[in-house]
Amino acid sequence: MDRSAADMTDVETRTLGHMLHDGLAGLNAAQAARCLVAVAALLLVLVTLDPFPDLRNEEVTTVVGGRMALTYISWGLLAAVAMLFVAATDAPALKSLVTPLHLCLVGWLLINIVFSESRGVSIQRFVLAVSVTSLAVLLPLLPPTQRTFNLCLGGAALVLLVLCYLGVFLAPQYSMHTALDLTEPQLAGDWRGSFGHKNIASPVMTILVYVGIYLSAVGSFVMGPAIAALAGIFLIFTGGKTSTVLCLAIYALASLIYVTPGLWLKRVICFVPLIVMNLLTVGSVLSPALGALTRLLPLDPTFTGRSAIWEFALAAVAEKPIIGHGYAAFWDDVTARQTAQGSEWATSAAHSHNSYLDLAVTIGLPGLMLVILVFVLAPLGNFQSAQAHNRSRALAKLFLTVWLFGLYYGATETFLLERQNPIWFMFALAVAGLHFLARFQCVEQTEPDR
């Protein structure tokens, strides 16, 4: 029995070793550096420069200038290096990003910042958002082959998972919510790993489940199942109900879209449930009929009383429906706002708990429409094109699944365009991946001249 187990372990070790050797074989210094930048970007967004925050310490809620400066410098330098690498070898891919729709979105964000209620705050946070989003968009182009991309993605995922599990077992006070937390002590016992909240840990773990499934599908029979299993177990212990429910539901929906032939039918399958979900949540505070319907449901679509904050956010949209209140500049201090009076939930909230509503508040309805065109409608067309050209089907399905999860998760939480939010990073990476797969073929093996 012991010998058999040892033999099996030896086989798995050799398999992993062969995978690493095959993936890294033939890489020159520049290609290895590109992979290093990709892994560094993934670890920076997933692990961060300040992992395992102590939620019992009052300083955790304060912004430390030096720490934020290091964050800006790290993201800025990585983005600049990534741009130099990609510009040298993938100029056509970069040019494909320069479209009228993308330019309109960037232009509107700049206009919005000019008219922001807190222009300095908007400018500062927009700079970080540009660096983070640029890295997410460039990341699919950094590894020289699809195999090295898989290794970078899987390696970063394993590092994060190992850190999270070590934290839970060795320092639970820093990796689990406790009754001594200054905010939300009722979450005591829920795992958060290296993150500051279970609501960040749970969607990240969901995405890692998808990464593990993808790696298993492309032949990584050790790394793939390990990532999927570890992330799935951690997801359950976070207590994140939304992410747990969406995890398998979104994968099933993505699988259905994957086998559906026509683009219009894909759109119906993808967007009709999303529209219904938003109508039953935010829509329930707009329409008395929808509100009455939601009260008949066996579950609470307001997610424990979020209707108050949705009403507050909708009132904020009505104040400035076109230009909005300013990118990332609305929720810092809402207690002084007239529309917040009488709503304790609204005055204590950090966001509207709906990505689409939050964008309407901050960058206005035109900005929301541009984001929907770029990040909601276009990716499905790109997936259809990639599928029609038979380009890396497994990778395309991974990007589709992560993108779909983001769309539906956005109906309950805020993450779209949110600076260094890891869900936003992975969502933007998936959108960019679908954009490139619709136009270019992945490199399967290292090319001598690259």
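Residues numbered from 1 in each chain as written. Predicted model: local features only at pLDDT ≥ 70, side-chain atom pairs only at ≥ 80, totals over all residues. Heavy atoms only, no water.

- Where an unreviewed UniProt entry is consulted, the protein chain appears under the name O-antigen ligase, with the organism given as Bradyrhizobium japonicum.
- UniProt, in the comment section headed Subcellular location (unreviewed entry), describes the protein chain in these words: "Membrane". (UniProt positions renumbered as here; feature names shortened; annotations may be inferred.)

**Concerning unusual backbone geometry**
Piece 1. For leucine 417, which is not a glycine, the phi torsion comes out positive at approximately 60°.
Piece 2. Considering the arrangement of structural elements, one finds leucine 417 in the loop between helix H18 (393–409) and helix H19 (422–437).
Piece 3. Its identity is not glycine, yet arginine 419 carries a phi of approximately 40°, on the positive side.
Piece 4. Within the fold, arginine 419 resides in the loop between H18 and H19. (Helix = DSSP H or I, 4+ residues; strand = E, 2+ residues; numbered from the N terminus.)

**Considering a nonpolar patch on the surface**
Piece 1. Taken together, Val162, Leu166, Phe169 and Leu170 make up a surface patch of nonpolar side chains, about 450 Å² in accessible area.
Piece 2. Relative to the helices and strands, leucine 170 is located in helix H7 (residues 146–170). (Patch = residues over 30% accessible without salt bridge, like charges linked within 9 Å, V, L, I, M, F, W, Y side chains within 5 Å. Areas by Shrake-Rupley, 256 points an atom, 1.4 Å probe, with all protein chains shown as cover. Salt bridge = Lys/Arg side-chain N within 4 Å of Asp/Glu carboxyl O.)

**Digging into the packing of aromatic side chains**
Piece 1. By the definition in use, this model includes 22 aromatic pairs.
Piece 2. Where phenylalanine 126 meets tyrosine 327, the ring centres are 6.0 Å apart and the plane angle is 85°; that geometry is what we call edge-to-face. With a gap of 201 residues between them, phenylalanine 126 in helix H6 (residues 119–138) and tyrosine 327 in the loop between helix H15 (307–319) and helix H16 (344–348) connect regions that are remote in the sequence.
Piece 3. For phenylalanine 126, a relative accessible area of 15% translates into the label buried. (Phe/Tyr/Trp six-rings, centres within 6.5 Å; stacked < 30°, edge-to-face > 60°. Buried < 20%, exposed > 50% of the residue type's maximum accessible area, 1.4 Å probe, protein only.)

**A word on the confidence of the model for the protein chain**
Piece 1. Overall, the predicted model of the protein chain reaches an average pLDDT of 87, with 84% of residues at or above 70.
Piece 2. Across residues 1–17, confidence stays below pLDDT 50; counting only partners more than four residues off in sequence or on other chains, it has three contacts.
Piece 3. Contacts for the low-pLDDT stretch residues 446–450, under 50 throughout, to residues beyond four places or in other chains number 15 contacts. (pLDDT = per-residue confidence, 0-100. Contact = heavy atoms within 4.5 Å.)

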